[in-house]
Amino acid sequence: MTVLAIKTLVSTGRNGVGAFILQCKKMDFHYCDWAGSSKGMNGFIKSALPEFAAAHPQIEITVSPRPSKHPVIIGHYINGNQKSICVRNLEPLQILKKVELLRDASGQKLKKVRKPVQSINDSVRGVWSPYHGEGMKV
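Residues numbered from 1 in each chain as written. Predicted model: local features only at pLDDT ≥ 70, side-chain atom pairs only at ≥ 80, totals over all residues. Heavy atoms only, no water.

- As recorded in an unreviewed UniProt entry, the protein goes by the name Large ribosomal subunit protein mL43, listed as coming from Apodospora peruviana.
- For the record of the protein, the UniProt heading Subcellular location (unreviewed entry) holds the text "Mitochondrion".
- In UniProt, the protein has this text filed under Sequence similarities (unreviewed entry): "Belongs to the mitochondrion-specific ribosomal protein mL43 family." (UniProt positions renumbered as here; feature names shortened; annotations may be inferred.)

Okay, here's the thing in structure tokens:
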């Protein structure tokens, strides 16, 4: 009896395995020139934003003034959603953490996790219940 190889792949790649696409496509930085709440944002724009932009050329970055308003960072994602974070009275290092949070986000709405594991394939064993089988004898 000879052994034959399987002609089709048992497992197919899903969800872009092997290729990573950053979900954040654009970031808007809004600030005020004279307001005290934008002091950290102005320092971030002058010091850390050029380094961040050079490290992430795939993200479009726009900087625009918003007079008499608190500073805001808005992230636009490839699924069409956007998330905004108000960064009033934050230091430039704290603002960098918020920018990285927006960069790493998926753009999905936050939802309650009912099952910690999500899978396309159903379980082979089925759903376990203490009422299946013969039960334990005490």
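1. Focus: the overall build of the protein
In step 1: Secondary structure assignment for the protein yields 3 helices and 4 strands.
In step 2: Going from N to C terminus, the protein has its helices and strands arranged as β-α-α-β-β-β-α.
In step 3: Of all 138 residues assigned to the protein, the portion counted as buried reaches 28%.
In step 4: A sequence separation of at least 24 residues applies to 69% of the contacts in the protein between residues at least 6 apart.
In step 5: For the protein, the accessible area works out to roughly 11400 Å², and carbon and sulfur atoms hold 56% of it. (Helix = DSSP H or I, 4+ residues; strand = E, 2+ residues; numbered from the N terminus. Buried < 20%, exposed > 50% of the residue type's maximum accessible area, 1.4 Å probe, protein only. Contact = heavy atoms within 4.5 Å. Areas by Shrake-Rupley, 256 points an atom, 1.4 Å probe, with all protein chains shown as cover.)

2. Considering the pattern of salt bridges
In step 1: Within this structure, the stated rule accounts for 2 salt bridges.
In step 2: Of the charged contacts in the structure, one is a salt bridge between R103 and D104, with a shortest N-O distance of 2.8 Å.
In step 3: The class for D104 is exposed, based on a relative accessible area of 55%. (Salt bridge = Lys/Arg side-chain N within 4 Å of Asp/Glu carboxyl O.)

3. Focus: helix α1 (residues 39–47)
In step 1: Those residues of α1 that sit buried are G40, M41, N42, F44 and I45.
In step 2: The inward-facing, buried residues of α1 abut β1 (24–31), α2 (49–55), β2 (60–65), β3 (72–77) and α3 (92–104).

4. Observations regarding the nonpolar core
In step 1: Within the largest apolar cluster, 21 residues are counted, with the highest numbers of intra-cluster contacts made by M27, F29, M41, F44, I73, I95 and V99.
In step 2: When residues of this core are traced back to their parent elements, those giving at least two are β1, α1, α2, β3 and α3.
In step 3: Counting residues per element, this core draws most heavily on β1, which supplies 4 residues.
In step 4: Beyond its immediate chain neighbours, meaning those up to four positions away, I73 contacts D28, F29, M41, K83, S84, I85, V87, I95, V99 and L102. (Core = buried A, V, L, I, M, F, W, Y, C linked by side-chain atoms within 4.5 Å.)

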